[in-house]
Amino acid sequence: MRSLYSSSTFGNLSSKSATSPPSSPISTSTTERRNSENLETPHEQLISLCNINRRHFGSSLTSIGNSFFYHIPQTSRIPKQYLNINQCFTLNHHLRQRFVLPISQSRLVHSSTQKKLTPTEAQVMAEHNEFTVRKADKTGEKSSKTLVLFFGFYGASERSISGYCDVYHRYGYDVLYVRSYLKQFAWPRNSKTLATVLLNHLKTYLQEYETILIHAISMGAYNFTVLTGEFYDKPEVYGEVERKIKAIVYDSIVIGSLKNMSQGVGRGASKNPVIQRLIPLTMSAYLNSTYPFTVRVFNHYNDQFKQRPLEIPTLLFYCKNDPMSEYSVLNALVKDWTEKGTFPLQGKCWDKSKHAGHVFVHKAEYLETLQGFLSTVPGLVVHDSKL
């Protein structure tokens, strides 16, 4: 049996705070059905239906509710006639005709090739809100020439993401948030699919941006590293996108052993200490049984991250007490990159901080360091941040 804990890699092991359906069952009374009709969003209506009909139709409706959460327009409403308990399958047909088919058949087509995305690629687009850009100028009167690709951490709340977006909006930069999912770590091919779809989207629909800034946190650094692999494998296809990237900000990257990664996933999955101990054991067995498709791939991208970084200005935020980011390993990496001197490198390290939370624990220092770094990046326009 191969030893996994001697391997090195990185990913995300932060806490997860995902939206979930109400745990208490909802009866089928007339009053409760009437309440479900008055819910604000289609997602809330679907979740209510899932609980009402759980005993009748199993978990299928729950899956429907969760799968539509990310791409049903929040301003849309499901007609009341579809909320009758006896018309669940009509509701399913209505949702498919109104939301699934338009996305897969018309909206998710690359104009450059006129080729429809595969079902897997379409799912990636739906999971990431079709890579909607969060504009710095809400009025639409001004257009930014700089786009921040924000590779978030696993389980990031909307409040946290909005906080980071606000930081870059003050510089006048637009932000595209790239969500991290556990399945991208559990099966690296999913991360590769994300990289391909994102790069094609940048080439096809976001050509107006002249410069790109990367901010990768925790597991987001893993997803970004997989994306950089596409630059090395297909320079003739994605070289134009690579040339637009002017700087990288790494924040709380998970680096060290797979044991650390497994423990971090346990912490992110549950607050129950028993479950937190059981998950690493389960993941160890899983990674052993899938070694050629998981651990070997992790090691490949880990070596790429260390030995073939993009040679552009880079900033690292980290701390000494982060169990998911081994200080000794990261410090050795910083020393190695500094000695090679192939690209400008800055680092900010705290004795005590919080994984994926430096900006909240040390806000003033974090923002000051970030602003100083951005001002040194050639070709990057830095507006008054008003911080």
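For clarity, every value in this text was computed on a predicted model and none was experimentally measured. (Residues numbered from 1 in each chain as written. Predicted model: local features only at pLDDT ≥ 70, side-chain atom pairs only at ≥ 80, totals over all residues. Heavy atoms only, no water.)

Trainee: Pulling in residues and values, what's your account of the packing of helix α7 (residues 158-169) against helix α17 (residues 363-374)?
Mentor: One way to put it is that α7 packs onto α17 with a least axis distance of 12 Å and a crossing angle of 45 degrees. If you check the angle between α7 and α17, you find them oblique. For the element pair α7 and α17, the recorded crossing hand is right-handed. Every residue of α17 that contacts α7 at Y164, V167 and Y168 is listed here: Y366, L367, L370 and L374. The residue inventory of the contact of α7 with α17, partitioned by class, reads seven nonpolar, no polar and no charged. (Axes fitted to C-alpha atoms, helices over the stretch in contact; angles between N-to-C directions. Helix = DSSP H or I, 4+ residues; strand = E, 2+ residues; numbered from the N terminus. Parallel < 35°, antiparallel > 145°, perpendicular 65-115°, else oblique. Left-handed = near helix turned anticlockwise from the far one by under 90°. Contact = heavy atoms within 4.5 Å. Nonpolar A, V, L, I, M, F, W, Y, C, P; charged D, E, K, R; others polar.)

Trainee: For the environment of V175, give the residues involved together with the corresponding values.
Mentor: One can find V175 in strand β6 (residues 174-178). Since its relative accessible area comes to 1%, V175 is described here as buried. The sequence separation of V175 and Y164 amounts to 11 residues, and the corresponding C-alpha distance is 9.3 Å. Excluding its chain neighbours within four sequence positions, the residues that come into contact with V175 are T132, V133, R134, L147, V148, F150, C165, Y168 and H169. (Buried < 20%, exposed > 50% of the residue type's maximum accessible area, 1.4 Å probe, protein only.)

Trainee: Please give an account of α17 that cites residues and values.
Mentor: Spanning 12 residues, α17 covers 16 Å between terminal C-alpha atoms, matching the ideal 16 Å at 1.5 Å per step. Taken together, the buried positions of α17 are Y366, L367, T369, L370, F373 and L374. Taken around the axis of α17, the buried residues stretch over an arc of 160 degrees, which confines them to a single face. Residues of α17 that are exposed and point more than 90 degrees away from the buried face comprise A364 and E368. (Expected span 1.5 Å × (residues − 1). Arc of directions from axis to C-beta.)

Trainee: Give me the lowdown on the sheet that holds strand β5 (residues 146-151), citing residues and values where you can.
Mentor: Taken together, the seven strands give an open sheet; going across it, the order is β4-β6-β5-β7-β8-β10-β11, and neighbouring strands pair in mixed fashion. The open sheet has two free edges, formed respectively by β4 (133-134) and β11 (345-350), since each of these has just one partner strand. Strands β5, β7 (211-217) and β8 (245-251) of the sheet are contacted by helix α10 (residues 219-233), whose axis makes an angle of about 135 degrees with β7. (Pairing = 2+ DSSP bridges.)

Trainee: Outline the packing of aromatic side chains, listing residues and values.
Mentor: Applying the stated criterion across every chain, the model contains 15 aromatic pairs. Between the aromatic rings of F151 and F224, the centroid separation amounts to 5.5 Å while the plane-to-plane angle is 55 degrees, which identifies the pairing as tilted. With F151 in strand β5 and F224 in helix α10, this pair connects stretches of sequence that are 73 residues apart. For F151, a relative accessible area of 1% corresponds to the buried category. Looking at F224, the relative accessible area reads 0%, which means it is buried. Through pairs of rings, three or more aromatic residues link up here, namely F151, F224, Y250, F305, W337 and F343. Seen from the ring of Y181, K183 lies directly overhead, with NZ or CZ sitting 5.8 Å from the centre. The residue whose ring lies beneath R308 is Y232, and the NZ or CZ to ring-centre distance is 3.9 Å. (Phe/Tyr/Trp six-rings, centres within 6.5 Å; stacked < 30°, edge-to-face > 60°. Lys NZ or Arg CZ within 6 Å of the ring centre and 35° of its normal.)

Trainee: Lay out the pairing of β6 in plain terms, naming residues and giving numbers.
Mentor: In terms of burial, β6 is largely enclosed, as five of its five residues are buried. Burial of β6 is two-sided: the residues D174, L176 and V178 facing one way and the residues V175 and Y177 facing the other way are all buried. Pairing between β4 and β6: two bridges, direction antiparallel. From the neighbouring strand, R134 faces β6, where its bridge partner is V175. The sheet contact formed by β5 and β6 spans five bridges and is parallel. Residue pairing across strands places V148 opposite V175, the latter belonging to β6. Between the parallel elements β5 and β6, the chain passes through α7 in a crossover that is right-handed. (Right-handed = clockwise from strand over helix to strand, strands pointing away.)

Trainee: Lay out the state of the cysteines in plain terms, naming residues and giving numbers.
Mentor: Enumeration according to the criterion identifies zero disulfides in this entry. Considering cysteine sulfurs only, C349 is the nearest to C319, which forms no disulfide, with 6.8 Å between them. (Disulfide = S-S within 2.5 Å.)

Trainee: An account of the nonpolar core is requested, with residue identities and associated values reported.
Mentor: Counting 59 residues, the largest nonpolar core has F151, L176, I214, F224 and Y250 as the members making the most contacts within it. Looking at this core element by element, the count peaks at seven residues for α10. Once residues lying within four places of it in the same chain are set aside, the contact partners of F224 are F151, I214, A216, I248, Y250 and L310. Judged by nonpolar contacts, the second largest core, of 30 residues, contains A156, W350, V359 and F373. (Core = buried A, V, L, I, M, F, W, Y, C linked by side-chain atoms within 4.5 Å.)

Trainee: Residue-level account of the environment of T120, with values.
Mentor: Tracing the backbone through its elements, the reader meets T120 in helix α6 (residues 119-127). Linking T120 and V197, residues 77 residues apart in sequence, is a C-alpha distance of 9.8 Å.

From the geometry alone we can't say anything about function, so treat these as descriptive.
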